[in-house]
Amino acid sequence: MRSALRFSLFASQIANFPWTFWPECFSNEETTEPYCVFSDQSFAAGRGIFIVTTKIFAYAMLEKPAFSNPKLLEDVNKYRSPPFRQHEFPGKGRGLVANTTLHRGDRIFASTPILITDSDSYALPTSERLALLYRGVATLPFHTQADFWALLGHFNDDPVDDRINTNNFDVNIDSIPQQALFPEIAMLNHDCRPNAAYFWDEQMMTHYVHAIRDIHPGEEITITYIDNEKDRKTRMRRLERNWGFKCSCSACTAHASLAAESDSRLYQITSLAKALDDWTSSSSATPEIAELLISLYKQERLDASLATAYKYAAEVYSSFGKKWEAMRYARLSGELSMLDKGFRDGDVREMKRMSETPELTWSWKKRVASLVKGCECGHAY
Ligand SMILES: C[S@@+](CC[C@H](N)C(=O)[O-])C[C@H]1O[C@@H](n2cnc3c(N)ncnc32)[C@H](O)[C@@H]1O
């Protein structure tokens, strides 16, 4: 710690230096630029953050509104009276249980990361990469360090690496894959049919979790760690391989006959989505196919994925010139897409346009173009 203090003193003597500590760095022939640990104890009203990356990316992050306009983060990391309580689940460890009714769309978390590490930092020798991570943890404010050490380490390897590997989320910042850690959100267990959805807002450096359907008091709040549209065998294999646990959710523990039915619905979902994605003149896409797709997603309780099914429906109705149905499904898709893909997502913007004026979207009457003489089909927006 004495050396952290020395690094802090050095940083504070330089005018307008944006970091709380002088960055420690390592490089070798595998890395074009040094990887350093950049710490800001004042980030997010004193929650603090450290970032392991190159100087260029660290300074690019400082340009994000979350850093340049701290007032924008006034509403995040507020957990004084949360809508959940912690509970110990046999075989799963700690998890979170709703202590009030959460309606679809209700916010459960809005958290900034306490650490971000660049996936490319793995090019460093392990001892150097770990030295940066240990330095980073030591430079967090004490209360945030305590949050970090309270996290579960599932894999029993290096204590810092283990906590990061067990609890991190993959996020993109300026199109660069990064791992980010949000200690409160890390308490959420996995379910293949989750009741909450999440997304990362890189401008606000904030991870949001919302209820994707109504959640009743006493119900565990869950998210997914994987792609839930895969069959049971694939899901369980991925969870075991990447996360090291045997999934005990109801979809994974169902009777073999029920699981086979569920798998068969998932295969049909894949083939229907493929048909609806076909915009060639020989496409078999129809509104009825989109209706079946929606019904299958509902049957499978894949609530977040319904955003995509509704989008297919909005587009296929629009492509047949069915304005009101296109608007209805665009509204439904827009709402769920905001919760699962983010407020700024391209699909959200597209569904907003469709919900107002389908006639001005790219898909309008696209599938009847050849049948309607002189029609102005498929407007660009
Ligand atoms: C991000 S943590 C979740 C919180 C964790 N249960 C705790 O006690 O801190 C991920 C770990 O929780 C456990 N876990 C999460 N979902 C699970 C599930 N569906 N079945 C069994 N274990 C699960 C696994 O040990 C996994 O590595």
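On a predicted model such as this, the values are computed, not experimentally measured, just so you know.

Things to note about the sheet that holds strand β6 (residues 107-111)
No. 1: The antiparallel open sheet is built from three strands, whose spatial order is β6-β12-β11. Each having just a single partner strand, β6 and β11 (196-201) make up the two edges of the open sheet. Taking each pair of neighbouring strands and ignoring which way they run, the sheet shows an average axis angle of 15°.
No. 2: Note: β6 against strand β12 (residues 206-211), four bridges, orientation antiparallel. Bridge pairing in β12 links R107 to H210.

Focus: helix α6 (residues 142-149)
No. 1: Buried within α6 are the following residues: T144, Q145 and F148. Axial view of α6: buried residues confined to an arc of 105°, hence all on one face.
No. 2: Residues of α6 that are buried in the fold lie against β7 (115-118), α5 (126-138), α7 (159-167) and β9 (176-181).

Here we look at the site of the ligand
No. 1: Of all residues adjacent to the ligand, which total 19 residues, the nearest are K92, R94, H154, N189 and H190.
No. 2: The side chain of H154 places a nitrogen or oxygen atom 2.8 Å from an oxygen atom of the ligand.
No. 3: Burial of the ligand by the surrounding chains reaches 96%, relative to a free accessible area of 570 Å².
No. 4: Grouping the amino acids of the shell around the ligand by side-chain chemistry returns eight nonpolar, eight polar and three charged.

Here's the deal with the pattern of salt bridges
No. 1: The full count for this structure, using the stated rule, is 20 salt bridges.
No. 2: Measuring nitrogen to oxygen at the nearest pair gives 2.7 Å for the salt bridge that ties D174 to K64. Of this pair, D174 sits in the loop between β8 (169-173) and β9 while K64 sits in the loop between α3 (55-61) and α4 (65-68), placing them 110 residues apart in sequence.
No. 3: Under the relative-accessibility criterion, D174 is labelled partly exposed at 33%.
No. 4: Here K64 falls in the buried class, since its relative accessible area comes to 6%.
No. 5: The shortest N-O distance in the salt bridge between E359 and K323 comes to 3.0 Å. With E359 in the segment after α14 (346-356) and K323 in helix α13 (residues 323-340), the pair connects residues that are 36 residues apart, well separated along the chain.

A few points about helix α12 (residues 306-319)
Residues lying three or four places apart along an α-helix face the same way, a consequence of the helix completing one turn every 3.6 residues.
No. 1: Compared with an ideal rise of 1.5 Å per residue, which puts 14 residues at 20 Å, α12 spans 20 Å between its outermost C-alpha atoms and is within 8% of the ideal.
No. 2: Summarising burial for α12: 13 of the 14 residues are buried, a large majority.
No. 3: The positive-phi residue at the C-terminal boundary of α12 is G321, with phi of around 75°.

Some remarks on the sheet that holds strand β13 (residues 220-223)
No. 1: Reading across the sheet, the four strands line up as β4-β5-β13-β10 and stay open at both edges, with mixed pairing between neighbours. The open sheet has two edge strands, β4 (84-89) and β10 (189-190), and neither has a second partner.
No. 2: Across six bridges, β4 lies against strand β5 (residues 93-98) in antiparallel orientation. Across the sheet, residue R85 finds its bridge partner in β5, namely V97.

Focus: the state of the cysteines
No. 1: Enumeration over the complete set of coordinates arrives at one disulfide.
No. 2: Shown here is the disulfide that connects C25 with C36, its sulfur atoms set 2.1 Å apart. Because the sign of the S-S torsion sets the handedness, a value of about 105° for the bond joining C25 and C36 places this disulfide among the right-handed ones. You can see C25 sitting in strand β1 (residues 24-26) and its partner C36 sitting in strand β2 (residues 35-40), a full 11 residues away along the chain.
No. 3: The exposure class assigned to C25 is partly exposed, which follows from its relative accessible area of 37%.
No. 4: Unpaired in terms of disulfides, C247 finds its nearest cysteine sulfur in C252, a separation of 3.5 Å.

Points about unusual backbone geometry
No. 1: Of note in this structure, R301 is not a glycine but carries a positive phi near 60°.
No. 2: Note that R301 resides in the loop between α11 (287-299) and α12.
No. 3: The class of R301 is partly exposed, set by a relative accessible area of 39%.
No. 4: Phi is positive for K365, which is not a glycine, with a value near 55°.
No. 5: A residue is classified by how much of its surface remains accessible, and K365, at 29% relative accessible area, is partly exposed.

Procedures and definitions
- Each chain has its residues counted from 1, running along the sequence as written.
- At least 70 in pLDDT is required for a residue's local features to be given in this predicted model, at least 80 for side-chain atom pairs to be given and counted, and no such filter applies to totals for whole chains, interfaces and linings, which use all residues.
- With hydrogens and water set aside, each side-chain value is computed from the structure's full complement of heavy atoms.
- Each pair of strands is called paired provided DSSP finds at least two bridges between the two strands.
- A helix here means a DSSP run of H or I that spans at least four residues, while a strand means a run of E at least two residues long, and both kinds are numbered starting from the N terminus.
- Axis lines are fitted to C-alpha atoms, over the contacting stretch for helices. Their N-to-C directions set the angle, which ranges from 0 to 180 degrees.
- Buried residues are those whose accessible area, probed at 1.4 Å on protein chains only, stays under 20% of the maximum for their type, while exposed residues exceed 50% and partly exposed ones sit between those limits.
- Here, the arc refers to the directions that run from the helix axis to the C-beta atoms.
- Whether two residues are in contact is decided by their heavy atoms, any of which lying within 4.5 Å being enough.
- Neighbouring residues are identified by heavy atoms, a residue being near a molecule or strand if any of them is within 4 Å of it.
- Whenever two N or O atoms come within 3.5 Å, that pair is a polar contact, provided that in protein one can donate a hydrogen and the other can accept it, and provided that, for residues adjacent in sequence, both atoms are side-chain atoms.
- Only the protein chains shown count as cover for residues, and the accessible areas themselves come from Shrake-Rupley with a 1.4 Å probe.
- All amino acids are sorted into three groups, where Ala, Val, Leu, Ile, Met, Phe, Trp, Tyr, Cys and Pro are nonpolar, Asp, Glu, Lys and Arg are charged, and the leftover types, Gly among them, are polar.
- Just to be clear on terms, a salt bridge is a Lys or Arg side-chain nitrogen sitting within 4 Å of an Asp or Glu carboxyl oxygen.
- A helix is expected to span 1.5 Å for every residue after the first.
- Any pair of cysteine sulfurs within 2.5 Å is marked as a disulfide.

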